[in-house]
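Structural features, examined
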Amino acid sequence: MQWRSLVVGLLVLRLAVSCVLWLAFGLGPSWGFNFPIKFNFNLHKIELFRETDGTSTKSNTWLNQLHRNGNPHHSTCSKTAGNSPKKSYISLFEDGRDEYAKKYSSFPDNLKSKMRGMAKEMFYFGYDNYMKYAFPEDELNPIDCQGRGPDVLNPSNININDVLGNYSLTLIDTLDTLLVLGNVSEFHRAVKLVIDTVSFDKDSTVQVFEANIRILGSLISAHILLTDSKQPFGNVGLKDYDNELLHLAHDLAVRLLPAFENTSTGIPYPRVNLKSGVPPDSVNETCTAGAGSLLVEFGILSRLIGDSTFEWVARRAVKALWNLRSNETGLLGNVVNIQTGQWVGKQSGLGAGMDSFYEYLLKSYILFGEKEDYTMFKAAYESIQNHLRRGREECNEGEGDPPLYVNVNMFNGQIMNTWIDSLQAFFPGLQVLNGDVENAICLHAFYYAIWKRFGALPERYNWQLQAPDVLFYPLRPELVESTYLLYQATKNPFYLHVGMDILQSLEKYTKVRCGYATLHHVVDKSKEDRMESFFLSETCKYLYLLFDEDNPLHKSENKYIFTTEGHVVPIDKRFREKQWKDMLPCEEAMLSEQDTSSPPPANTSNCERIPDERRYALPLKSVYMRQIDQMVGLL
């Protein structure tokens, strides 16, 4: 009897331990983030089909790599996590193979036309109400139907004051979208309003990065489209136009220049007052994206007006950041001290604080043809693949989880936390531009699966807990942008269905009395009274272009690229020419290396050319590149 009691006791103990483990981790038999649907992609076909549920732990799952790296970080569950089923997001695609083929293998022309019209109506509902209730203020509060400007009573409210400068932000940010939608008359009216009413002689302290991408970029884009001799949008020339938008852009850029003064590294201060320069109480810390994503707009301005100053300071900042990358991993951190060059934030990732730095290395090369830009991008991309990428080696084959890019310590590549943010959804689009379409397809599917669950992208999503960490969604465009670029690269109707899903979700969950509102909570769909300018400048623009096959941007002889704020700029030989001999003077190009452990930059100066055999060539053209070339002119 004693041995029977012992056996029963052991069985009960084993059962109890199993229950405790189950309750503690909530991950079922496998600790990996296992996708029950497999993605097999090629250029013209995407197949999703169910896999049988496995119980073995994959050796290269994200969670196994997390534990293998010895990361101690465990976030607490949000309130929504307890009610959320512990299953893969990809399981939200409920179709089997036959059902999928039936649903996603085509997209009728009449439905495409309907979605195009729906995207146009979405834009005009937001734009018209901004003009009716908010102009000349910066933003529209779409719930209260009122305008919003800087928070002058609370200067520390940088969430508002970094963006809003009392300069009719939404109108300026929207100029080229009006042309993309074919509304030449309203474009002319908006341009005249900007010329007649906008001044940058304001006692407004704004973030250099935001003023650059939203205001400077849009003024430059609208000026180029107005004066383009090829007139891709038809006759959009404005009578008596005398380069006023370009003059406004120049004036704003001059007001941003003090940010680059009095810094030991050449990395700019994050904020300036448009009237008085850098505030006396300004912090000495800035993020990598904020300091290193000025080159496209500043570079185009320099080449339009023949003044190297703007491109010079922007390029110097990029090189200074590049010099500070880790000698071990080649990665950069997310926050740096502009005086000491020390990394305050050592997190390296693809999202907030980092995203557009990578984007502009590649886009600067495409626009200006400066080979060192592509040299830096290629090295950065390799470091990202080596240290941030988790999951199986091959995107669409093999054992383990599909790829995911995590946040790591820049010096050793160890995982720092278990969340990704919604800004990272831009990266599949950048992979498309770099010709890495297969990996772009897989990563895009991950973000779309999250959208499928919530009808929006939470600002932060915890991939370990499979639940949001930060629950709001401010109408961001990054997933739409990647969807558009993937459709342009593959012409697969799947991405039209994705766009339709996003469009319908926005219409269902974010539309309010006078516009579209930020989601405060992606689960309960509560709202905040704010419609940021990028909703009209980017989100609506990419949705419309996705469904408008015959848009002049797709049919024109010109090749175009989009800035990080979605502004249209042509790939023009004018921008590959400069009216000055060297981009950087020799003595300035050789940036002082206070930290001798830092590796030298890939190309420190135009005075010390890299031999031809050391230069990187353009990426090999894949089967996708011809279609991509039609869009961005890489041939």
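Residues numbered from 1 in each chain as written. Predicted model: local features only at pLDDT ≥ 70, side-chain atom pairs only at ≥ 80, totals over all residues. Heavy atoms only, no water.

The name an unreviewed UniProt entry assigns to the protein chain is alpha-1,2-Mannosidase, from the organism Albula goreensis. Taken verbatim from the UniProt record of the protein chain, the Subcellular location (unreviewed entry) comment is "Endoplasmic reticulum membrane". The protein chain has a UniProt comment under Sequence similarities (unreviewed entry) that states "Belongs to the glycosyl hydrolase 47 family." (UniProt positions renumbered as here; feature names shortened; annotations may be inferred.)

Turning to the packing of aromatic side chains, a few remarks are in order. Throughout the structure, instances matching the rule amount to 25 aromatic pairs. Ring geometry for Y381 against F427: centres 6.0 Å apart, planes inclined by 25°, an arrangement best described as stacked. Highlighted residues: Y381 in helix 15 (residues 371-387) and F427 in helix 16 (residues 427-433), separated in sequence by 46 residues. With relative accessibility at 10%, the residue Y381 sits in the buried group. Geometrically, the ring pair formed by Y484 and Y542 is tilted, given 5.8 Å between the ring centres and 35° between the ring planes. One end of the pair, Y484, is in helix 18 (residues 478-490); the other, Y542, is in helix 20 (residues 534-547), with 58 residues separating them in the sequence. Taking relative accessible area as the criterion, Y484 reaches 1% and is therefore assigned buried. One aromatic cluster is present, formed by Y365, Y374, F377, Y381, Y405, F426 and F427 through successive ring pairs. Note that K511 overlies the ring of F125, its terminal NZ or CZ placed 4.6 Å from the centroid. When the ring centre of Y509 is taken as origin, the NZ or CZ atom of K525, which lies over that ring, is 4.6 Å away. (Phe/Tyr/Trp six-rings, centres within 6.5 Å; stacked < 30°, edge-to-face > 60°. Helix = DSSP H or I, 4+ residues; strand = E, 2+ residues; numbered from the N terminus. Buried < 20%, exposed > 50% of the residue type's maximum accessible area, 1.4 Å probe, protein only. Lys NZ or Arg CZ within 6 Å of the ring centre and 35° of its normal.)

So, about the sheet that holds strand 15 (residues 460-462). The three strands are arranged 14-15-16 in an open sheet whose pairing can be described as antiparallel. Every interior strand has two partners, whereas the edge strands, strand 14 (419-421) and strand 16 (467-470), have only one. For this sheet, the mean inter-axis angle between neighbouring strands, taken without regard to orientation, is 35°. With three bridges connecting them, strand 15 and strand 16 associate as antiparallel partners. Considered in strand 16, the bridge of N462 is made with A467. (Pairing = 2+ DSSP bridges. Axes fitted to C-alpha atoms, helices over the stretch in contact; angles between N-to-C directions.)

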